[in-house]
Amino acid sequence: MARIGVFVCHCGENIGRTVDCHAVAEALAQVPGVVHAVDYKYMCSDPGQQLIKAAVAEKGLTGVVVAACSPHMHEKTFRRAVQSVGLNPFLCEMANIREHCSWIHEDRAKATEKAIDLARMMVEKVKRNVALSTVRIPVTRRALVIGGGIAGIQAALDIADGGAEVVLVEKEPSIGGHMSQLSETFPTLDCSQCILTPRMVEVYQHPRIKLLTYSEVEAVEGYIGNFRVTIRKKARGIDESKCNGCGACIKACPNKRIPSEFDCGLGKRTAIYVPFPQAVPNIPVIDRQRCTLHIARSKGKKDACMKCSEACQRGAIDFNQQDTLVTEEVGAIIVATGYQLYSIGRDQPKEYLKGYGEYGYGTIPDVIDGLQFERLASASGPTAGKILRPSDNKEPKTVVFLQCIGSRDPAKGIEYCSKICCMYVAKHAMLYRHKVHDGRVVVFYMDIRAAGKGYDEFTRRAIEEEGAEYIRGRVTRLYRDGDVIKVQGFDTLSGSPITIDADMVVLATAVRPQPGIDALAQKLSVSYDRHGFIVEAHPKLRPVETNTAGVYVAGACQAPRDIPDSVAMASAAASKVLGLFSHEMLEREPTVARVDESVCAGCFHCERVCPYGAIRHKEIKDKTGKVIRVVAEVNPGVCQGCGTCQATCPSKSIELQGFTDAQIFAQINAFVG
Amino acid sequence: MKLGYYPGCSMHGTSREHEESLLAIAKPLGLELAEIEDWSCCGASSAHACNRTLAVALPARNLALAEEQGHDRVIAPCAACYNRLAMATHEVASDPQMAGRVRAVLSRPFANRVKVLNAVEVLRELVPTLKTNVKRPLTGLKVACYYGCLLLRPAEVTGFDDPEDPSSMEEVVRACGAEPVSWRMRVECCGAGLTMARKPSVVRLGRAIISDAMASGADVIVVSCPMCHSNLDFRQQAMGLSRPMPVVYLTQLVGLALGLDSSALGLARHFVSTGGVVPRNAAQEVG
Amino acid sequence: MEKGNFEPRITAFVCNWCTYTGADLAGTSRLQMAPNIRIVRLPCTGRIDPVFVIKAFERGADGVIVSGCHPADCHYTAGNYHARRRFAILRELLIFMGVDPRRMTFSWVSASEGAKWRDVVNETVERVRACGPFEGWRSLGGGLT
Amino acid sequence: MTELRELARKLLSDGQVKVVIGYEEGPRGVRPLFATDGAAADRLIFDERCVQNLATYLDRRRVHVARLGKPAIVAKPCDVKAVAGLLRETQLKREDVVIIGVRCGGVLADPKSLQRLGPDTMADRCRTCETREPGLVDYLVGPMPEAVRGQSGRDAKIAELDAMTPEERWSFWQKELSRCTRCQACRQVCPLCYCDRCMADKTEPQWIESSPHPRGILAWHLIRAIHLAGRCVDCGECERACPVSIPLGLITRKVAQVVAQRFQHHPTDDPSVPSPIGTWRSDDPQEFIL
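Residues numbered from 1 in each chain as written. Chains lettered and ligands numbered in written order. Predicted model: local features only at pLDDT ≥ 70, side-chain atom pairs only at ≥ 80, totals over all residues. Heavy atoms only, no water.

A.B. asks: What exactly am I supposed to notice about the sheet that holds strand S20 (residues 367-369) of chain A here?
C.D. replies: Residue and element names in this part refer to chain A. Across the sheet, five strands lie side by side as S20-S27-S21-S22-S23; this open sheet has parallel pairing. Looking along the sheet, the strands with just one partner apiece sit at the ends: S20 and strand S23 (469-472). For this sheet, the mean angle separating the axes of adjacent strands, direction not counted, is 25°. Where helix H12 (residues 370-377) meets the sheet, it contacts S20, strand S21 (398-405) and strand S27 (504-509), and its direction lies at approximately 90° from that of S20. Set on the sheet, helix H13 (residues 421-435) makes contact with S21, strand S22 (440-445), S23 and S27; between it and S21 the angle comes to about 175°. (Pairing = 2+ DSSP bridges. Helix = DSSP H or I, 4+ residues; strand = E, 2+ residues; numbered from the N terminus. Axes fitted to C-alpha atoms, helices over the stretch in contact; angles between N-to-C directions. Contact = heavy atoms within 4.5 Å.)

Right under this line is the structure:
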């Protein structure tokens, strides 16, 4: 038999003024199962809590109802109070007779009547409450970071420095990402390589970071604290343990005219190559599509060229190397796969994306994109930092920059702002002017978005001190006219069409997520928007979490981000991970769903409605080990307790603890029964 | 191919040669044209400047008639008519309120089932037939295909070709044995809308277009819009060009390739002589 | 009891994160409203079983309110979307079976919409008052459980 | 007919299946047949009297059928939709059943009447049914029937009810439901009511009062309708099985109309199409929400 105690709070005058608290207590005393009912001025005060604790002890209460303010205000307070005297906290509930009663009614009689109802409803619920203990799941204190750009590097270092192990997976042969391609960075114009390379080396040498380059995530199983990740190490063609990065193989390779990805096609590389001199790890990779030997093999011919392996003193070259699969146990995952640039070409990866026919669909030489300009401006680039246009290696005397190419252009399929272009275009304008003093820079823009520390000053400097001509308007057509590129645009401020003869045009093309992000997101069961950007758990309050517990997001794979933002996000994600790792066991609210396996029909409606993928298939076998039934099973580590599964379950075989049907029915009946 | 035919005012007036040439090539191409009975003005270019509902209702009336008369596809050779008719189907399909208002105005059933076609896409569809029927290949003739604005824009309304980098006229021209030149001004505006109001601007725009065609070695400019035509043809004296540049309709060019008599194609009706276009063995009377 | 002048009894099923908090805000803002409703707090509208509404009517409620987070605001990302479909069907079904639509209120009330909550409550109470007591369902035979 | 029998013989003889679930001539009209050998297979028939939805026998809980071994089932388009439902809701694996689809131009409202199939003798649900030829099948038999379409008395009745006042509708249904004895035949016959323990039988807490008084009866039929929303294949079995002829079809049809109009979902024989309950679109209509 239940022994419930009811404690009615006056909250000074706040409740007492309109609710006859004493009458409420007296009425509740009459409710079957209530063995103790009192009212008091301030239940949340020390003496008030003492009152409750004492009653629990003396009357041996099996449940407590505090009729006072909103549970959002003091539920924790009172649950802690009863816990301190040995009553399970989940046997204590609050009836909200302040926000939901005394404060919103004047008629004392009616308010009192309502307060009695609310308390009675809660008494009936508490009668059916059961002791719940917090869900505890083990945590593997090891993190996986996907993506070795600046965000991934920052996250990996923060976690590793925090004392936990990290597995850093990068699909390219070297870490560094797009930041390693940049010449200088805004708004300080400090050299990108100079600030990045030390961090890359730090990653490589860190005792707690396991670096897997030229590798991709193949499969992900498990849940927060307990992920099991399969990673494909693509065959490099090099025995990493033997290679000392001397580069003899690269010198030996006869295929020297392959467009370099790192230089955005402006420079050349060999078939066996390291993407760039400061690559980490400094171990080459064989491009099997371009290697003479592998091409020959693919045609069934005999090995045509062995120059690299002949050149290697350490016999590190292994033409027969195969992809290998490694599995890693981790407790948390950070997605930091970064971005790619939209291309204006006719062929687009998604059907809603359109190219720019008016700009020649990318067929006009000397119309390049922002990253290509970075390579031209970079001291380590194909032109050693000289601004020379690709077609004829002449120094362009007039360079036109076009902002918002793709971005903010729904007609081309992208409605969002790419955020970084305004700043890097201003930077490009300056870099160009610093290198070509008599050069002319024209920038076509829609708006200048320079919100950020020192950002507006930076763009103003480009305009006011570095002599960049900013024209507010769009360019309607680009075409080649002999040696120059005709740039036909419209100046919306002077309201006149304008044509400029440019030697080179730089397009600030939109920032898009990396290809294959959707496949990865599906493996991680995190949601992504139509462009493929990972969706955060809450746009304001949970910016680096995803809707899958234990999976976090950092950098430009969540939305266009500049370096400071990416680094900040990475550190935020890392701190989330370290917070998770700060306990051996992960404690979760026990308000999670449970399945009654004896009656579950295995229709898996619950699985379909669960926003968290918390429902698993569980096979029930007979003695012989033969599967006789498959039923649903809730993973308490993943369940967040929304209860949608329960409302959907046709046979009512799944129940959300703390909000069971028995409890809700009791509340319903208590009011109008 | 059987099509409903919406002539609109220009085909019977300023661009008679357009209609003459269209009807002339229809037979050899196996194209049956049934003029919509009781057709009325499409409203271009004044209606949509003053009353949105009217601007849709006027073309919609003609489309409703086409339905009544059992056409599922209608050709509107005038680019402006084409644009207004296509716009009407688009607006009625995409805007329920507009659809309601228009049906109220029409007070006759209108299912909005008719597909509106322009001369260029019809000819593109007929390229196979055309190829087999070419009697007099226009070999060596360098043609600048000029699309102008109304045929291609807005893309979501016209949608038969890439508005920035179209190719259908070129296809037809190739089928005639002629050689389309690559040039820049194919889809620029010729300013026809202002041909009365702001003559200097129109002349400037026209000059830019024709000069570019000349610079790219074209012998002739081919159009499929009566406004473009009158603008580039009639306004040419005012442009002060180094030499005259004949401007003909695509239908006329096709007619020549089909070996039709140039008089049947109305080639003599132009201000700028089309003589250079007409192959030697064609009729002589062209001035 | 007569139509128009009786005190309806209305059960409200609300989600913990938006509407319950919105109702709290109405309280802290001292917004006066009709005292006829009793709130049952649930984690999410996704947890609100159509049967709760049926039970409430069975047990003699004159009206029912179901309220949660606006679309895209759901604390659990999608519970309210599931609820929206569920209650679209329940509502039309109950109407088909003879329940007066005025007895059922479905609303999105966010944590910041205290005033909207007051209006939802007051409007519902008035609508149900106009319907009169729901004798129809209450008077159906059967023992209580 | 011979086509069907030969197919059944073949499936049984070369051991593809152990039992063919179909129809045979019975003492009181057509009845289900569970043919396990060639001889039995020769008793198979299919015509407009074959109203039963045999998919209900694919439920593994029907042990007496399950015991016979891998089944082939003779299925009309609506029956195949039920099979698709079982596949969709993981009650059945595709490889565990052979579907012999029969082309169907509708079945008789009253199979015993022996009338010819026509617009007025046709079962009401068939008058609004679009599907003549089932998908998802392994074999397809029977000639393609011409589409006999009739006026749906059911839809007319729904319209009539919709036009009534709530009070009138309430009393209409109370009158109809007053005959219900809670025999649960509607549940037993339904191919998609397969739960091990129906919530109607759950006692702690009790969802639906079990004894046949108006309160429990109403609750049962409401919850049944909700559970079938977007799942019902409109095979009409519940209404046929009801011993006191409650027009259950009106309820299921009404819900189907709501689902179709709100969520553009129609019963389908494609198991990969998710049921509308359990999915959502951010732009689902919400005109009824304040």
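A.B. asks: Explanation requested: helix H4 (residues 52-68) of chain B in the structure shown.
C.D. replies: Side chains three or four residues apart in an α-helix point the same way, a direct result of the helix having 3.6 residues per turn. Residues and elements named next belong to chain B. Helix length check: H4, at 17 residues, gives a terminal C-alpha distance of 24 Å against a target of 24 Å (1.5 Å per residue), a fit within 8%. Counting buried residues along H4, twelve of its 17 residues qualify, which places the element largely inside the surrounding structure. By the burial criterion, the buried members of H4 are Thr-53, Ala-55, Val-56, Ala-57, Pro-59, Ala-60, Asn-62, Leu-63, Ala-64, Leu-65, Ala-66 and Glu-67. The opening residue of H4, the one whose side-chain oxygen lies 2.9 Å from the backbone nitrogen of Thr-53, is Asn-51. Looking one or two residues beyond H4, the residue adopting positive phi is Gly-70, at roughly 75°. (Expected span 1.5 Å × (residues − 1). Buried < 20%, exposed > 50% of the residue type's maximum accessible area, 1.4 Å probe, protein only. Polar contact = N/O pair within 3.5 Å; in protein donor to acceptor, adjacent residues only side chain to side chain.)

A.B. asks: Looking at this structure, I do not really get the packing of aromatic side chains. What am I missing?
C.D. replies: One pass over the structure, following the stated rule, counts 27 aromatic pairs over all chains. Ring centres of A:Phe186 and A:Tyr455 lie 5.5 Å apart, and the angle between their planes is 85°; this geometry places the pair in the edge-to-face category. Separated by 269 residues along the polypeptide, A:Phe186 in the loop between strand S8 (184-185) and strand S9 (190-191) and A:Tyr455 in helix H14 (residues 455-464) bring together distant segments of the chain. Residue A:Phe186 shares its accessibility class with A:Tyr455, and that shared class is buried. Aromatic pair C:Tyr81 and D:Trp280: ring centres 4.1 Å apart, planes at 10°, arrangement stacked. (Phe/Tyr/Trp six-rings, centres within 6.5 Å; stacked < 30°, edge-to-face > 60°.)

A.B. asks: Help me understand the interface of chain C and chain D, please; the structure alone is not making it clear to me.
C.D. replies: When the parts of a complex come together, some accessible area is lost, and that lost area is often used as the size of the interface. Contact with chain C, which involves 46 residues of that partner, is made by 46 residues of chain D. Of the roughly 4,100 Å² buried at the junction of chain C and chain D (both faces included), carbon and sulfur atoms supply 67%. Counting the surface chain C buries against chain D, the share from its top three residues, C:Arg85, C:Phe96 and C:Met97, is 23%. Summed over the shared surface of chain C and chain D, the number is three salt bridges. The set of elements that each furnish at least two residues to the side of chain C that touches chain D consists of helix H2 (50-58), helix H3 (79-96), strand S4 (104-108), helix H4 (114-131) and helix H5 (135-138) of chain C. Per-element tally for the side of chain C that touches chain D: the top contributor is H3(C), with 14 residues. Within the side of chain C that touches chain D, the residues separate by chemical class into 24 nonpolar, nine polar and 13 charged. (Buried area = accessible area lost by both parts, 1.4 Å probe. Salt bridge = Lys/Arg side-chain N within 4 Å of Asp/Glu carboxyl O. Nonpolar A, V, L, I, M, F, W, Y, C, P; charged D, E, K, R; others polar.)

A.B. asks: I'm lost on the pairing of strand S18 (residues 332-335) of chain A in this one. Help?
C.D. replies: All names here are of chain A. Burial along S18 is two-sided: Ala-332 and Ile-334 facing one way and Ile-333 and Val-335 facing the other are all buried. Here S18 pairs with strand S29 (residues 551-553) via three bridges, running parallel. Bridge pairing links Val-335 to Val-553 in S29.

A.B. asks: What's the story with the interface of chain B and chain A in this structure? I'm lost.
C.D. replies: Taken together, the seven residues of chain B in the interface contact nine residues of chain A. In total, about 680 Å² of surface goes out of reach between chain B and chain A, with carbon and sulfur atoms giving 36% of it. One salt bridge in this structure joins A:Arg346 and B:Asp162, with 3.5 Å as the shortest N-O distance. At the surface where chain B touches chain A, the tally comes to five residue pairs in polar contact (both at pLDDT 80 or more). Considered class by class, the residues forming the side of chain B that touches chain A number one nonpolar, no polar and six charged.

A.B. asks: Looking at this model, I keep getting lost on the sheet that holds strand S1 (residues 4-9) of chain A. Mind explaining?
C.D. replies: The strands that make up a sheet pair up through hydrogen bonds in the backbone, lying either parallel or antiparallel. Residue and element names in this part refer to chain A. On the basis of which strands lie adjacent, the open sheet formed by four strands has the order S2-S1-S3-S4 and parallel pairing. Single-partner strands in this sheet number two, and they are strand S2 (34-40) and strand S4 (92-96). The sheet shows a mean angle of 15° between the axes of neighbouring strands, taken without regard to direction. Two strands pair when backbone bridges link them, and strand S3 (residues 63-68) and S4 are joined in this way by five bridges, in the parallel orientation. In the sheet register, Ala-68 faces S4, and the bridge partner there is Asn-96. The strands that helix H2 (residues 21-29) touches are S1 and S2; relative to S2, the one it contacts most, it runs at about 175°. Those strands touched by helix H6 (residues 108-127) are S1, S2, S3 and S4, and its axis lies near 160° from that of S4.

A.B. asks: Mind showing me how you'd approach the nonpolar core here?
C.D. replies: Within soluble globular proteins, side chains that are nonpolar tend to cluster in buried spots. Counting 115 residues, the largest nonpolar core has A:Val64, C:Phe13 and C:Trp137 as its most contacted members. C:Phe13 has contacts with A:Ile668, C:Val40, C:Leu42, C:Ile48, C:Phe52, C:Val53, C:Ala56, C:Val64, C:Ile65, C:Val66 and C:Ser67, leaving out every residue within four places of it along the chain. Ranked by size, the runner-up nonpolar core spans 102 residues in total, among them A:Phe186, A:Val280, A:Val441 and A:Leu580. (Core = buried A, V, L, I, M, F, W, Y, C linked by side-chain atoms within 4.5 Å.)

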